[in-house]
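A structural walkthrough
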Amino acid sequence: MTSYDTIAVEPLGGSIGAVIRGVDLGAPLSNAQAAEVHAAFLANSVVFFRDQDLDDPERQKRAARLFGEPVAIPFVKSLDGHPEIIDIVKEAEDVGKYNFGGNWHTDTSFLETPAMGSLLYALDVPPRGGDTLFADLYAAYETLSDGLKRSLEGMTALHSGIRSYGSQSKFQGGRNTSVSMAIDANEEGDKLIEHPVVRTHPETGRKGLFVNPNYTIRFRDWSEAESKPLLDFLYAHAIRDEFVCRFRWERGSVAVWDNRCLMHRAVNDYEGHRRHMRRVTLQGDRPH
Ligand SMILES: O=C(O)CCC(=O)C(=O)O
Ligand SMILES: [Fe+2]
């Protein structure tokens, strides 16, 4: 167990997630604090902070730079003047609609260089519900049999945004999109990108599964029908209770996740209430 001198780190889930106390993300951190926050981020895969004030988008970007380099993402309209920031909103009037991030996924795995992570800040939360779930893809890999590990290590998978941002987009024509979000689905979303099925984290050196139900289409050289049973097995395995951490938001809460070694999903259980989050996405590298 790592010990920390300048911050308090309270573990949350059985295998990932920790709440960090004693840090004001809006103010400059000492070098020692910044190093400990970064170590806690790598050790827990997702870290949470309470009672932060990042309403100013510049402050939120400054906070995000503690973890990585802010980057613009395609398809989702960004905040005016801040291409690296998106508002994730579901309005009280958005009845019967899908919520953004509502299926298990790894952010932008349809890109050659998927996001390294994100810093998500809560501006408005429903009176109950609206939690976010995170699943540990290191643990998912480590608990497979040696035989399946060996088979998967030689494999790659094709990822695409087609069902979210391409020609089969569930958001097409404003369908399923909040009245307050704009998603520009187009043919760029149909591209197929190849990634290893097991990736080695560039900073921790640990191996993790790297497939997700939103964007992984099939294994390379396998058909979709052939891929589906094994992918479904891997997804069900990865979201076992003991690998999942659940976070209850308050206004001013922050989550920073490591998109290289987990999946996440936003729970859609607050119909009739408003939820407003703001995300800075961080630049990633090519999975190996
Ligand atoms: O709204 C949330 O809790 C998370 C949405 C999501 O998937 C994301 O911001 O990447
Ligand atoms: Fe996401």
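Look up: the structure comes first, before these words.
Residues numbered from 1 in each chain as written. Chains lettered and ligands numbered in written order. Predicted model: local features only at pLDDT ≥ 70, side-chain atom pairs only at ≥ 80, totals over all residues. Heavy atoms only, no water.

1. Focus on the sheet that holds strand E14 (residues 262-266)
By definition, the strands of a sheet pair up through backbone hydrogen bonds, in either a parallel or an antiparallel sense. Here is the rule: Each pair of strands is called paired provided DSSP finds at least two bridges between the two strands. Every helix listed is a DSSP run of H or I at least four residues long, and every strand listed is a run of E at least two residues long, numbered separately from the N terminus. Lines fitted to C-alpha atoms define the axes, with helix axes restricted to the stretch in contact, and inter-axis angles between N-to-C directions lie between 0 and 180 degrees.
Ordered by their spatial adjacency, 3 strands build an open sheet running E12-E6-E14, and the pairing between neighbours is antiparallel. Two strands bound the open sheet, and with one partner strand each, they are strand E12 (244-247) and E14. Adjacent strand axes in the sheet meet at a mean angle of 20° when their direction is disregarded. Note that strand E6 (residues 132-136) and E14 share 5 bridges and pair antiparallel. Directly across from aspartate 136, in E14, lies its bridge partner leucine 262.

2. Comments concerning the site of ligand 1
Our working definition: Nearness of a residue to a molecule or strand requires only that one of the residue's heavy atoms be within 4 Å of it. A 3.5 Å cut-off defines polar contacts: any pair of N or O atoms within that distance qualifies, except that in protein one atom must be a possible hydrogen donor and the other a possible acceptor, and neighbouring residues in sequence count only when both atoms are side-chain atoms. For accessible areas, the Shrake-Rupley method is used with a probe of radius 1.4 Å. Any residue's cover is judged against the shown protein chains and nothing else.
Close to ligand 1 lie Ile88, Phe100, Gly101, His105, Asp107, Leu120, Thr132, Trp257, His264, Ala266, Arg275 and Arg279. Note that an oxygen atom of ligand 1 is positioned 3.1 Å from one of the side-chain N or O atoms of aspartate 107. At 2.7 Å, a side-chain N or O of arginine 275 approaches an oxygen atom of ligand 1. In isolation ligand 1 has 290 Å² of accessible area, and contact with the protein removes 100% of it. Listed by contribution, the elements that provide at least two residues to the shell around ligand 1 are E14 and strand E15 (275-282).

3. Digging into the pattern of salt bridges
Filter applied, for reference: The salt bridge definition used is simple: a Lys or Arg side-chain nitrogen within 4 Å of an Asp or Glu carboxyl oxygen.
Following the criterion strictly, the structure yields 24 salt bridges and no others. Here aspartate 285 ties to arginine 199 by a salt bridge, and the two come within 3.4 Å at their closest N and O atoms. Of this pair, aspartate 285 sits in the segment after E15 while arginine 199 is found in strand E9 (residues 198-200), placing the two residues 86 residues apart along the sequence. Note that glutamate 203 and arginine 260 form a salt bridge whose closest N and O atoms lie 2.9 Å from each other.

4. Looking at helix H2 (residues 57-64)
Defined as follows: Here's how the labels work: a residue is buried when its accessible area is under 20% of the maximum for its type, exposed when over 50%, partly exposed in between, all with a 1.4 Å probe on protein chains only. By construction, the arc corresponds to the directions joining the helix axis to the C-beta atoms.
Restricting attention to buried positions, one finds in H2 the residues Pro57, Gln60, Lys61, Ala63 and Ala64. All buried residues of H2 project into a common sector of 160° when viewed along the axis, lining one side. For H2, the capping residue at the N-terminal end is aspartate 56, with a side-chain oxygen 2.9 Å from the backbone nitrogen of glutamate 58.

5. Regarding the coordination of the iron ion (ligand 2)
The line we're drawing: We call an atom a donor if it is N, O or S and sits within 2.8 Å of the metal, or 3.2 Å for Na, K and Ca. Water is not counted, so some sites may look partial.
For the iron ion (ligand 2), every protein donor is listed as His105 (NE2), Asp107 (OD) and His264 (NE2), and the spread of their distances is 2.1 Å. Ordering the donors of the iron ion (ligand 2) by residue number gives the pattern H-x1-D-x156-H. In this pair, aspartate 107 is assigned in the loop between strand E4 (85-90) and strand E5 (117-124) and histidine 264 in strand E14, connecting sequence segments 157 residues apart. Each member of the pair aspartate 107 and histidine 264 is classed as buried.

6. Structural notes on the packing of aromatic side chains
Which entries qualify depends on this criterion: Each aromatic pair joins two rings of Phe, Tyr and Trp (for Trp, the six-membered one) with centres within 6.5 Å, and gets the label stacked for planes under 30 degrees apart, edge-to-face for over 60, and tilted for any other angle.
Considering all chains together, one arrives at 10 aromatic pairs under this definition. Measuring from ring centre to ring centre gives 5.0 Å for phenylalanine 75 and tyrosine 165, while their planes differ by 10°; the resulting arrangement is stacked. Taken together, the positions of phenylalanine 75 in the loop between H2 and E4 and tyrosine 165 in helix H5 (residues 162-165) put the pair 90 residues apart, joining distant regions of the chain. Considering the side-chain rings of phenylalanine 134 and tryptophan 257, the 5.7 Å spacing of their centres and the 50° angle between planes classify their relative orientation as tilted. Of the two residues, phenylalanine 134 sits in strand E6 while tryptophan 257 sits in strand E13 (residues 254-258), which places them 123 residues apart along the sequence.

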